[in-house]
Amino acid sequence: MDRRVEPGGDDVGPMKPAPFEYHAPRQLKDAAELLARLPNAKLLAGGQSLVPMMNFRYVIVDHLIDLGGLDELRGTAVVDGALRIGAMTRQRDLEFSPEVARQCPLLAEALRHVGHRQTRNRGTMGGSLAHADPAAELPAVCAAYDATVHALSVRGIRQIAFREFCTGFMATALAPDEMIAAVDLPIWRLGHGHGFHEFARRQGDFAIAGAAALLDVGADNVVRRAALTLFGVAASPLRVEAAEAQLAGKPLDAAAIRAAAAAAWLIAPISDIHAGGEYRRHLAQVLSARALNDAARRAGVEA
Amino acid sequence: MGKQATRVMVNGKSYARVVDARLTLADFLRHELNLTGTHLGCEHGVCGACTVLVDGRTARSCLMFAVQANGCAVTTVEGLAPDGQLSVLQQAFIDNHGLQCGFCTPGMLMTLTELLGDTPEPSEQDVREALTGNLCRCTGYAGIVAAALDAAQRLRGTVAKPGSP
Ligand SMILES: Cc1cc2nc3c(=O)[nH]c(=O)nc-3n(C[C@@H](O)[C@H](O)[C@H](O)COP(=O)(O)OP(=O)(O)OC[C@H]3O[C@@H](n4cnc5c(N)ncnc54)[C@H](O)[C@@H]3O)c2cc1C
Ligand code: FES
Ligand code: FES
């Protein structure tokens, strides 16, 4: 056993993260109060992104505030035409929630791509949004739905439109003393179509690129509303407004989908060790077409 | 700094300890309770060797602190064969060459125990998808997948006759 002796002389046993003080509040207001008061504190949700970074000591905190005991932050409900999801709702619970499948089927489909069953058992909705990885599925879904984030602090609750939530590479509009309490996904009309496709090296890996689509098509085959979001290609999820504008108000057919997917070509994608920009640009177009095709089919249109 | 009391039920037995808050559940199991069946490969959530059941659901014990498990029931690989009697799944691993060096095996067994609990009739695709979170450097997975499908069949009481497909 590789016991390590810390500078203080304590024999502390095998440890990866730097020492911290652990807090497990039972009341939401206590959690907000701790976050406002404690210096160099971080919130702990499912730990599936934070704890790896602590184990590597990329992240060193003095205080860890565990949200795990806050039942108020768990669960789903329909409020004012939106599906409200508590920040601490586990990804695996959402994956199998009949309510999610019925109201926000795009979210249900995206969840199957978020890591593995073991990480989804612990990982949460709020944790994924706060972490804001550019390749993460759940922020992309929130972007597609034009979600609203409820940010809670000792100062009260502030609503943040998802368009303004992601401010850059793994950065959000949350103030240091704010936590996500819930997120609202506006429910699309029953009978709308959804499509979700990503390309990753292995099932469960972060995507190299992905696309999420929503289509509301009228009985006359005319698109009433369209949303197309790309992820993994920019610092944060990207709504392809040019594609949405091309689809809206026009009849939906194969040519319309081809033209819309071509609009995803215009972006200037990121380039990193996983894939070059050219390749991501190609993927963005291919995956957009697949996602839109699925959405059209589910909306009852054979395009 | 950061000492904390935690009480965890492990394999049906209750343990109360005062530990460093930063002690992972994996190190707690291995070094405090001497349950060394839970293995540590990567210690950042990728390999799955450290998988245990927390309140019946798989979790990576390298990504949980022991203090988070306060009040939880944890099952480790030792809990699969409490009286030395191998579980159906463990026996199927032996019969189907589901392990070579054995390093990944505890995690594989815990993941598949959960899968067989929620999916009694898994397809090969179901098994492979469940195993995406567990890395094996030896077997090439074929034996592990065969073991899982065999165990599922045995648990349903419909064992295929030797030689039949
Ligand atoms: C092997 C592996 C594969 C993975 N694959 C994927 C993948 O394909 N796609 C994907 O999207 N993710 C993936 N992840 C990460 C995913 O599992 C995490 O669940 C998610 O990124 C973070 O959620 P969490 O609940 O675990 O948050 P934590 O790790 O606990 O926290 C993450 C960050 O968010 C902050 N935070 C947490 N909750 C709140 C809140 N309510 N308000 C404000 N801030 C908060 C924390 O302080 C921390 O900075 C993977 C993880 C692993 C280990
Ligand atoms: S040791 Fe926990 S996942 Fe590798
Ligand atoms: S048997 Fe050796 S790693 Fe799987």
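Residues numbered from 1 in each chain as written. Chains lettered and ligands numbered in written order. Predicted model: local features only at pLDDT ≥ 70, side-chain atom pairs only at ≥ 80, totals over all residues. Heavy atoms only, no water.

A. Examining the site of ligand 1 more closely. Taken together, 33 residues lie around ligand 1, and A:Leu43, A:Gly47, A:Ser49, A:Leu50 and A:Thr124 are the ones closest in. Ligand 1 sits at a junction of chains, with neighbouring residues supplied by chains A and B. Here an oxygen atom of ligand 1 and a backbone polar atom of A:Gln48 are 2.8 Å apart. A:Glu137 is positioned with one of its side-chain polar atoms (N or O) 2.8 Å from a nitrogen atom of ligand 1. Protein contacts shield 94% of the accessible area of ligand 1, which totals 980 Å² for the unbound molecule. Every element with two or more residues in the shell around ligand 1 is listed here: strand 4 (41-44), helix 7 (125-131) and strand 12 (179-186) of chain A. Top contributing element to the shell around ligand 1 by residue count: helix 7 of chain A, with four residues. Among the residues making up the shell around ligand 1, the classes are represented as 14 nonpolar, 16 polar and three charged. (Near = heavy atom within 4 Å. Polar contact = N/O pair within 3.5 Å; in protein donor to acceptor, adjacent residues only side chain to side chain. Areas by Shrake-Rupley, 256 points an atom, 1.4 Å probe, with all protein chains shown as cover. Helix = DSSP H or I, 4+ residues; strand = E, 2+ residues; numbered from the N terminus. Nonpolar A, V, L, I, M, F, W, Y, C, P; charged D, E, K, R; others polar.)

B. The arrangement of the interface of chain A and chain B in detail. With 34 residues of chain A at the contact, the number on the chain B side is 33 residues. Across the chain A/chain B interface, buried area totals approximately 3,100 Å², and carbon plus sulfur atoms make up 54% of it. When residues of chain A are sorted by the area they lose upon contact with chain B, A:Tyr22, A:Arg117 and A:Gln118 head the list and together hold 22% of the total. The interface formed by chain A and chain B contains four salt bridges. For B:Asp118, the salt bridge is made with A:Arg117, and the minimal N-O distance between the two is 3.0 Å. Along the contact surface separating chain A from chain B lie 13 residue pairs in polar contact (both at pLDDT 80 or more). Contributing elements (two or more residues each) for the side of chain A that touches chain B: strand 3 (21-23), helix 2 (50-55), strand 5 (63-66), helix 3 (91-95) and helix 6 (117-122) of chain A. Among the elements that line the side of chain A that touches chain B, the one with the most residues is helix 6 of chain A, at five residues. Its residues assigned to classes, the side of chain A that touches chain B comprises 16 nonpolar, eight polar and ten charged. (Contact = heavy atoms within 4.5 Å. Buried area = accessible area lost by both parts, 1.4 Å probe. Salt bridge = Lys/Arg side-chain N within 4 Å of Asp/Glu carboxyl O.)

C. Representation of the layout of surface pockets in the model. Taken as a whole, the second largest pocket encloses approximately 510 Å³ of empty space. Forming the boundary of the second largest pocket are 25 residues, of which A:Gly68, A:Arg90, A:Arg122, B:Gln68 and B:Cys72 lie nearest the centre. Secondary-structure elements contributing two or more residues to the lining of the second largest pocket are helix 6 of chain A together with strand 1 (3-10) and strand 4 (57-60) of chain B. Broken down by element, the lining of the second largest pocket gets its largest block of residues, three residues, from strand 4 of chain B. Broken down by class, the residue content of the lining of the second largest pocket amounts to nine nonpolar, eight polar and eight charged. (1 Å grid on protein atoms, 1.4 Å probe; cavity = no way out; pocket = protein on both sides within 12 Å on 5 of 7 lines; lining within 4 Å. Points joined across faces, edges and corners; volume = space filled by probe spheres on them.)

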